[in-house]
Amino acid sequence: MKKAYFIDRDGTLNVEVSYLCEPDKTEIIPRCAEAIRAIHLAGFLAVVVTNQAGIARGMYSVTEMMSVHVRIQKLLLEQGSDCTVDAFYYCPHHEKFTGECPCRKPQPGMLQQAAAALDIDVENSVMVGDRISDLYAGRNAGCRFSVLVKSGYGVNHAEMAEQENFPVAGDLYEAVAKTIGKI
Ligand SMILES: [Mg+2]
Ligand SMILES: [Zn+2]
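Residues numbered from 1 in each chain as written. Chains lettered and ligands numbered in written order. Predicted model: local features only at pLDDT ≥ 70, side-chain atom pairs only at ≥ 80, totals over all residues. Heavy atoms only, no water.

Colleague: Please clarify how the nonpolar core should be interpreted in this entry.
Modeller: In a soluble, globular protein the nonpolar side chains are often hidden away together inside. In this structure, Tyr5, Ile7, Leu13, Ile39, Leu76, Val128 and Leu172 are the most contacted members of the largest nonpolar core, which totals 28 residues. Sorting the residues of this core by element identifies strand S1 (3–7), helix H1 (32–41), strand S2 (44–51), helix H3 (62–77), strand S4 (126–129), strand S5 (145–149) and helix H8 (172–179) as the ones contributing at least two each. At five residues, the largest contribution of residues to this core is made by H1. Counting 20 residues, the second-largest nonpolar core is a separate cluster that includes Ala4, Leu45, Ile120 and Cys143. (Core = buried A, V, L, I, M, F, W, Y, C linked by side-chain atoms within 4.5 Å. Buried < 20%, exposed > 50% of the residue type's maximum accessible area, 1.4 Å probe, protein only. Helix = DSSP H or I, 4+ residues; strand = E, 2+ residues; numbered from the N terminus.)

Colleague: Just checking my understanding: could you explain the side chain of serine 125 for this structure?
Modeller: Looking at the secondary structure, you find serine 125 in the loop between helix H5 (109–118) and S4. With relative accessibility at 0%, the residue serine 125 sits in the buried group. A polar atom in the side chain of serine 125 sits 3.0 Å from the backbone nitrogen of alanine 4. Those residues in contact with serine 125 that sit more than four places away from it in its chain are Lys3, Ala4, Phe6, Ile120, Cys143, Arg144 and Phe145. (Polar contact = N/O pair within 3.5 Å; in protein donor to acceptor, adjacent residues only side chain to side chain. Contact = heavy atoms within 4.5 Å.)

That is the geometry; function is a separate question.
Here's what the structure looks like:
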């Protein structure tokens, strides 16, 4: 089985832009490409798990979201062929518009889907995100660590994360550095 870093998208991998759906507005957070390189060097997969309720809200299409993912991969590839994401999982739902679903974080469904498809050992994997709901998704899935990053919305979620004994890091790079030797 493989180990993985499950990585939230907006505010963790790319700069937070409300309901991002335009490739031209997509910007990678500094040191994230290096973080993914380190993930790969240590033998882990890098798997993005992202809530995309803008789709449920009719604000953008799956195709538009995919164009952002293509852009993310292109920007990462510019930093090196070992810096790209291995898979993207998204939840297009929102309870108010499409009903309850098993995949919208804090539910662990996307992590479970990825684990089944890619043969991932979740108990020896890590979730990283900028919202407390990301951390609950990691905890609900049974990840070894669920780390809050202070990029994106993370500054506002750090106190809550600390109260619940989740580790806190400045960014994805630091989250990886703090955890990768412990698994
Ligand atoms: Mg986020
Ligand atoms: Zn969903």
